Amino acid sequence: MQTIFITGASSGIGKETAKLFSAKGWRVIATMRNLRKGEDLAGLPNVVLMPWMLPIPTRFGKPAKKHLMNMMSMFCSTTPDMG
C-alpha cells in the first residue's frame, strides 16, 4: 500500500486530496492544525489524522519564510503517479 502525507488536510485542496487518495486505496496521513475540522475524514478507509503545525523559522527573517512557503507549495502541488 502506498502512503501519502498531506499537510493542510482540514479543508480545500488538502481535504479533497485526502478523499481522492483514500478512494484510490492509498494510506493517507492527513495532517492539520485543528483535528476537529477533519473529523469527516476519520471515517474514510486508510486515513490517519495527525495534528501538525509547520514551524516558520523566524530567526532567519523574511527570505527563509518565503523559501519555506515556496517549498510547501511545491510539496502540496506535486501529484504522484496514481496509475
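One can find the structure itself at the top, above this paragraph.
As the structure is a computational prediction, the values presented were derived from the model and not from experiment.

**Comments concerning the overall build of the protein chain**
A count of helices and strands for the protein chain gives 2 helices and 3 strands. Sequence-ordered secondary structure for the protein chain, helices as α and strands as β, is β-α-β-β-α. A burial count over the protein chain gives 25% of its 83 residues as buried. In the protein chain, the proportion of contacts linking residues at least 24 apart, taken out of those at least 6 apart, comes to 35%.

**Digging into the packing of aromatic side chains**
Evaluated as defined, the whole model comprises 1 aromatic pair. Ring plane angle 80° and centroid distance 4.7 Å describe the contact between Phe21 and Trp26, whose orientation is recorded as edge-to-face. Of the two residues examined, Phe21 and Trp26, each falls in the buried class.

**Concerning the environment of Arg33**
With respect to the helices, strands and loops of the structure, Arg33 is situated in the loop between β2 (27-32) and β3 (47-51). Contacts of Arg33, omitting those with residues within four sequence positions, involve Trp52 and Met53.

Procedures and definitions
Residues numbered from 1 in each chain as written. Predicted model: local features only at pLDDT ≥ 70, side-chain atom pairs only at ≥ 80, totals over all residues. Heavy atoms only, no water. Helix = DSSP H or I, 4+ residues; strand = E, 2+ residues; numbered from the N terminus. Buried < 20%, exposed > 50% of the residue type's maximum accessible area, 1.4 Å probe, protein only. Contact = heavy atoms within 4.5 Å. Phe/Tyr/Trp six-rings, centres within 6.5 Å; stacked < 30°, edge-to-face > 60°.

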